[in-house]
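# Breakdown of the fold
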Amino acid sequence: WTGVLGTEVLGIWLKYSQLNDVNATDTSFEHNTIATGNDFGLVKLFRFPSVKKGANFKKYVGHSAHVTNVRFTADKHHLVTLGGGDHAIFQWRFIPDGQEAQAGAGEEEEVETAVVGGATVVSDSEVSDSEISDVSPVDSDVEGQQEKSYDRAVYREDIQLLKEKLRSKEQEVGVEGKKAGLVEGKKAGQVEGKKAGQGEESTSFKDEVPPNSLSLQFVHGYRGYDCRNNLYYTKNGEIVYHIAAVGIVYNKISHKQRFYLLHTDDILCLAIHPSQDCVATGQIGRDPSIHIWDANSMQTLSILKGEHSRGVCAVDFSADGKKLASVGLDDDHSIVMWNWSKGEKLATTRGHKDKIFMIKWDPHSQDQLVTVGVKHIKFWTQAGGGFTSKRGIFGKVEKIDTMLCVVFGTTGGVVFSGGADGKVYQWSKSALATTVDAHKGPVYVLGSIEKGYLSGGKDGLVVLWDEQFKNRLKSYQIVSSGLVEGSIKLFADLPPIKSVVLGETHFLVGTKNSEVVEIDKNGPIRVLIQGHMEGEVWGLATHPDKHICATVSDDKTLRIWDLKTHKMVAVRELGKEGRSVGYSPVGNILAVGMLDGSFSVLDSDTLKELATFHHRKAEISDIKFSPNGKYLAVASHNDLVDLYNILTQKRVGICKGASSYITHVDWEENGKLLQINTGDREVLYFEAPRGKQQYITSKDAEHLSWSRWTCVLGGSCVGIWPAYSDVTDINAACLSRDSQVIATGDDFGFVKLLKYPSKGKHAKYKQYVGHSAHVTNVRFTHDDTTLVSTGGGDLSVMVWSHSKDGTQKSDTLDYISDDSNTDSEEEGGYDSDVERDKQRDYTIKTYSNPIRDGIGGTKPHLQEAKPVSGEKKPAVSRNTTTTSIVACSQTSVGVKDLALEYIFGYRGFDTHQNLLYTADGSIIWHAAGAGIVFDPLTKKQSFYLEHNDDIICLAVCSGPTLSHVVATGQIGKSAIIHVWDYHTKETLSILHGAHPVGVGALDFSSSGKFLLSVGVDQKHSIVVWRWAEGYKVAQATGSRHVIFVAKFRPESETKFVTCGFKHVKFWTLAGMQLIGRRGVIPKSMQADLHTMLSVSFASDDITFTGSVSGDVFVWKGGILSRIVPCAHSGPVFSMYTCSEDGLVVTAGKERNKESYSGAVKVWDTGMTRFKGYSLGVFSPACVRSVCRTKGKVLIGTEKGEVLEVDEKDGSIQALIRGHMEGELWGLATSPTDDQVFVSASDDCTVRLWDIASKTLLRLQKLDQSIRSADFSPDGSLVAVGMTNGEFVLLLTKDFSIVAKKRDRSKTIQAIRFSPLLEGKFSLAVGSDDAAVDIYSISPTYAVMRIGYCRDIPSFVTHMDWSTDGKYIQVSTGVYEKLICDVSSGKVVVDTSVISRIVWSSWTSVLGNEIIGIWPHNADKADINTAHLCNSGTAVATGDDFGTVKLFSHFPIPDKYEESRSYYGHSAHVTNVKFTHDDQHLISAGGDDSCIFVWKCLV
């Protein structure tokens, strides 16, 4: 039979398909088999005949597409197939049914295995036309697990995104975002226009974090209903398991628990390391994580993320413990193999379309795994970065069934799996060998012991098997009759077994009923842990005078818990899902509300039912007794509250008027009034007992006293609603008995504490984690010593100890919110420098934006030249065809190249700790876009110039083999980190793509392997890099407020600290994830967290942080241990710990003269004693960086100074001086001294510099920002123009002020002396008033205006005098150049006159003579400055791209002429000037405030 059509071969065609894609068939009649080839490259085997469409098949891959023919050989031992497009002939060995086991050994078996395992997939029986008898019975529990979905609409990890969206929305509309579900109009008893009980926000309300705190004491519950193999003994005999988002280590002797609380959602799986001292847990999540943590210290060892979605359902360690395998909940149930300690993915593959229940590592191999799941078992082998797999072959031994668990045999190649049909399947390699009837119902768990195996099933039996898994050695029944005396009672006999493991003398068993049971090998049973079963837990009530609580759940049980002994003391089956519960005022009666609308009244001691009522059809969401116990309020989702008289057992009133379902109800303390909350965010009031609605204003409501407050809406609890509450709800609230604090539970799994009343929006809070999602209820006990919370879907009941003074007695740490309406309030005092740093916005300093304001017109290179017609025309640059003449010096020096020689500048105005000694004694800092290496012996500088924008942070590696390595980070739209060798200036690595605005802090780990970076973006993102390889190891959001500094602990590769605005955070690198913990301030310290500016370290896990107040905070392991008060009188901007002796150096800003003597302090290792050093003539100073080595202290100040102090005598030396923050524009070189130049800046200073000695000669501080400067032709005077329109004359010899004049009100951008004529000179002053004023200067320095230039169209940018002093060349902001007659002030338009003018200098950027300096890309940036050298052979320019360019000739009449470019300035080169002898070029940086000295090469 070779045909593809006919009744006999209908089965080779897919059901419901019209495709005609089967190209060929051939049949082996003796084996009842037909082979097919199709257009998809598949070879398939079917039964023959196959008369029903969609028959079962085996498919084999190898051909790429279009299998055109198939033929069996004559002996039927082989099948030959042809590939159409792939031109291949395949020869397959044909193995008839029943012969797999006898396929032979050795080489022959390997061939068979390769074909079947590597190339075959058995068709899914669910889409085949098989007989019903071929399908195993479906167990309801197994089916439930197959179908269970863990998808969430919103995950806890979405909170940050929700906050960011809300902030963006608020910024767009200019007002704070409104909460979801805002009720329009005025509802009864509701505050008009308010949602969620927002009420009127009090303007005088002081938002504070409550002093109270919670500490998790005990968690009732064990996740057994949908998990398995998640319960183990640790090395020291404790028990580890999980519930909700908590990993629990339980001590059965002390009946106490310790908690791992860093998961953010439900933990679904758990595995223990072969050493039994560390644990792996996997969770649900949008990007779910796997945490590996130490079971003794509860510290995180590694976090693995980024490879799974929805959740991680199975994990297992390799036999050597170095690797971890995980399975995800994505559609393909992806399998990932990890090197967990490094956080690296080793291999990954798609697991299976159907759910995988378990993954198990072969103890005999480091690269082989087995997975089991819905109707499959697969055998995996790692192959490089992927896996090869073989699907288990059931053959004729047994029908295909769902496999639930797996264990390896004692010999290689033997595997046992537990099936949904109650059998244990034994596999030899990938083929099923035999089965054993093990349990009645599914086999949920298998385990290996020293001489045999364990199994547990749905039948409630734990069975001990021999080494061959054939004979039962012993069976253990989980029944109440087997309990030891004094044990907690079982909820039910023979609960399904979900986990079993053998200890030294006991079996540890986890059941589906959320119980942890321990069985002695001799038979006695002890119940250790109990919890609610599957179904949401909503109802919670605490006893009015005892430490007990009651809970009800959808598991149809009422449970009573002792909050002192942490045991379940009673349980009653309700027969219905319970949703609410309440105690009577004296505690003798319990009322339980059901999901179906009924409720019951029970005796609280015996739990015997006293009465039952069923008046409603929807859920009873809340149920409360009146304070006198006479009435019972029953709130339902029928939008009603029914009132019952307990004594008469009659309904006496109905509260009507709600527009939505009732969520909460509370009684007024006299029992005469009720307040209710609804699903439509209403707050309504009703009078008891009849239920008449009362209309009460929010102001009047504030004067009412309530028996208990459990409502989530109302004017006194506005602040409990978070900013992102348009997505999530507050499910529950409870006011403490002393009315000082309110606890809440929300849909993100958070339990929070807030001060009461909480009237301000988004109030500050303390937050506690543990629940995975949907905290459904919270209640304080009668004495406020304990808070109980319930988790909806996580089934847990958590018991928290409540401390009113904030003292902690456990590992539970407060998370203090950073979102409130008072975040801007500064603790520790206000400081202008700190405030400026907090508000600094680097996004406005984007690369290459024009620095001048108000520029208009068409740029010269874009202007069209017009033909000359007539003799007279405006002498505007774009229309002038004549070439100007410039006077040149007699000595011709052809400047052909530039070499950077020196930089006057240090960036100290917005940086921290960026000035450091190197191992060889050199000094490194940065300025502009340059990394500077300074040799203190030769006084020479060398430079790293590969950055293209401002460098704002620096780090030097201290690793023994990498001490030559430096990292620098810059600002920019795509901020870049450069790692370079400071000896060779060679780039070692470039890191980018992590920080969108800039890099604000850097530090190397102790060995130098890792580099830490912090961005200046809104998230202040934190990244740890493997810089040598160029990839991110881990990334996290730092803070929405500024982070000033980040430092690794000097002895650590994984621990670092960040400091910023009200921020100290202690971080750990765990694998490829970062874990941050806020610094904890114990209540006993009576201190507030200040803004922290600096950090240093000492041994024994001690951390010092310098604060804005001048105090130094001392932390021990992340907890504040003491404060060094008034370490400085102002902010402590810098701290440094010397590695040689451990001494600590601190420095900052001293606020009073008395403290100037201690501007820099060297402390002992404990910061108890210090020696102070004065900065002498450099006081007062704000110190931004300190470093110490070999008896010297290196100091960087906010003023741009680099100083060095000798520790012995306190002498101080200035190594470098520079301008302070502010744009630097004014620049001029002396006409008489080749080594001297002057600069002037927005920092209000004029400075005289010497090139030869590389020193600052003189400095004069003025009262206004300065924008221009020039020397008189004899060099005796310096003139400077200021932003207020004033200009000043200073004597060069001593910088004394000899004259001031102000005739204009706007900035003077250009000021130029005329040439010296007959012993006299004039001064031209060009301003933003579109004016050029001419002044005469007498021998006594009297200044008189003698004229001005008319008809200037815009502000003046540059000016040049003619050699005879009769004309001025004026460049303007509209890109027009004018020639003005000095005597008349008129614009010269006669080209014949213009052509005869000889200019004494050329600084204009306009004109045909120099049009070639304008580049192609100048449409968004300007050429700010140009200068023709004195020999007239070269022109230098500076532009908004931060580039200094050199053109080797003049004039430059052709557009886009070639030039040499020089880098180092970050952006906006505002001025360039050649020295008088053309040996040097000086350039000024606008925003970078730096002066560059370039050596001119001929």
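Worth saying up front: this structure is predicted, and the values here are computed from it rather than measured.

Now for the pattern of salt bridges. One pass over the structure, following the stated rule, counts 45 salt bridges. With a shortest N-O distance of 3.5 Å, Glu307 and Lys345 are connected by a salt bridge. On the criterion of sequence distance, the pair formed by Glu307 in the loop between strand S17 (300-304) and strand S18 (310-317) and Lys345 in strand S21 (residues 344-349) is long-range, its members being 38 residues apart. Accessibility expressed as a relative area gives 30% for Glu307, which makes it partly exposed. The class of Lys345 is partly exposed, set by a relative accessible area of 40%.

Moving on, we get to the nonpolar core. Ranked by size, the top nonpolar core spans 56 residues in total, and within it Leu898, Ile903, Trp925, Phe1237 and Leu1481 carry the most contacts. With 52 residues, the next largest nonpolar core counts Leu216, Trp561, Met568 and Tyr768 among its residues.

Right, let's get into the sheet that holds strand S80 (residues 1092-1098). The strand order across the open sheet built from 4 strands is S80-S81-S82-S83, with neighbouring strands paired in antiparallel fashion. Looking at strand neighbours, the two that pair on one side only are S80 and strand S83 (1119-1124), the edges of this open sheet. Each strand of the sheet is rotated relative to its neighbour by a mean of 25°, with strand direction disregarded. Bridge analysis of strand S81 (residues 1102-1107) against strand S82 (residues 1112-1116) gives 5 bridges, and the strand direction is antiparallel. If you follow Gly1106 over to S82, its bridge partner there is Val1112.

What follows covers the confidence of the model for the protein chain. Scored by pLDDT, the protein chain has a mean of 88; 88% of the residues are at 70 or more. In this model, residues 100-134 is a region of pLDDT below 50 whose contacts with residues beyond four sequence positions or in other chains number 60 contacts. Below a pLDDT of 50 lies the segment residues 175-204, which in the model reaches 68 contacts outside its immediate sequence neighbourhood of four places, other chains included.

As summarised here, the arrangement of the 4 strands in space is S30-S31-S32-S33, forming an open sheet in which the pairing is antiparallel. Of all strands in the sheet, those bounded by a partner on one side alone are strand S30 (443-449) and strand S33 (472-477). Within the sheet, the average angular offset between the axes of one strand and its neighbour, ignoring direction, is 20°. Here 5 bridges tie strand S32 (residues 461-465) to S33, and the two strands are oriented antiparallel to one another. What sits directly across from Trp465, in S33, is Arg472.

The next subject is the side chain of Lys766. With respect to the element layout, Lys766 can be found in strand S57 (residues 766-768). Within the local environment of Lys766, its side chain forms a polar contact with the backbone oxygen of Pro210, the two atoms lying 3.1 Å apart. Reaching out from Lys766, the side chain makes a polar contact with the backbone oxygen of Asn212 at a distance of 3.0 Å.

With that out of the way, let us pick up unusual backbone geometry. That bond from Ala688 to Pro689 is cis: its omega, 5°, falls within 30 degrees of zero. Here the bond from Tyr756 into Pro757 is cis, since omega is -5°, no more than 30 degrees from zero. Secondary-structure assignment places Pro757 in the loop between strand S56 (751-755) and S57. Here Ser739, not a glycine, exhibits a phi torsion of approximately 60°, which is positive. Topologically, Ser739 is positioned in the loop between strand S54 (730-735) and strand S55 (741-746). Positive phi, close to 45°, is recorded for His1020, a residue that is not glycine.

Here we take up the pairing of strand S47 (residues 631-636). Counting buried residues in S47 gives 6 out of 6 residues, a clear majority hidden from the surface. Taking every second residue as pointing to the same face, both faces of S47 are buried, with Tyr631, Ala633 and Ala635 on one and Leu632, Val634 and Ser636 on the other. As paired strands, strand S46 (residues 620-625) and S47 are joined by 5 bridges and run antiparallel to one another. Looking across to S47, one finds that Lys624 is bridged to Ala633. As consecutive antiparallel partners, S46 and S47 are separated by 5 residues, and within that stretch Gly629 has a phi angle of approximately 80°, a positive value. Examined bridge by bridge, S47 and strand S48 (residues 641-645) share 5 bridges and lie antiparallel to one another. From the neighbouring strand, Ala635 faces S48, where its bridge partner is Val641. With antiparallel pairing between neighbouring strands as the criterion, S47 and S48 make up a hairpin whose turn holds 4 residues, including Asp639 at a positive phi of roughly 70°.

Moving on: the pairing of strand S23 (residues 368-373). Across the 6 residues that make up S23, a large majority, 5, are buried. Across 5 bridges, strand S22 (residues 356-361) lies against S23 in antiparallel orientation. Paired with Ile356 across the two strands is Gly373, which belongs to S23. Bridge analysis of S23 against strand S24 (residues 376-383) gives 6 bridges, and the strand direction is antiparallel. Looking at the pairing, Val372 lines up with Ile377 of S24. Counted between consecutive antiparallel strands, the loop separating S23 from S24 contains 2 residues, among which Lys375 sits at a positive phi close to 55°.

Attention now moves to helix H5 (residues 832-839). Every buried residue of H5 is accounted for by Asp833, Val834, Asp837 and Lys838. Seen end-on, H5 carries its buried residues on one side only, within an arc spanning 140°. For H5, the elements touching its buried residues are strand S76 (1043-1048), S80 and strand S88 (1183-1189).

Parameters at a glance
- Residues numbered from 1 in each chain as written.
- Predicted model: local features only at pLDDT ≥ 70, side-chain atom pairs only at ≥ 80, totals over all residues.
- Heavy atoms only, no water.
- Salt bridge = Lys/Arg side-chain N within 4 Å of Asp/Glu carboxyl O.
- Helix = DSSP H or I, 4+ residues; strand = E, 2+ residues; numbered from the N terminus.
- Buried < 20%, exposed > 50% of the residue type's maximum accessible area, 1.4 Å probe, protein only.
- Core = buried A, V, L, I, M, F, W, Y, C linked by side-chain atoms within 4.5 Å.
- Pairing = 2+ DSSP bridges.
- Axes fitted to C-alpha atoms, helices over the stretch in contact; angles between N-to-C directions.
- pLDDT = per-residue confidence, 0-100.
- Contact = heavy atoms within 4.5 Å.
- Polar contact = N/O pair within 3.5 Å; in protein donor to acceptor, adjacent residues only side chain to side chain.
- Arc of directions from axis to C-beta.

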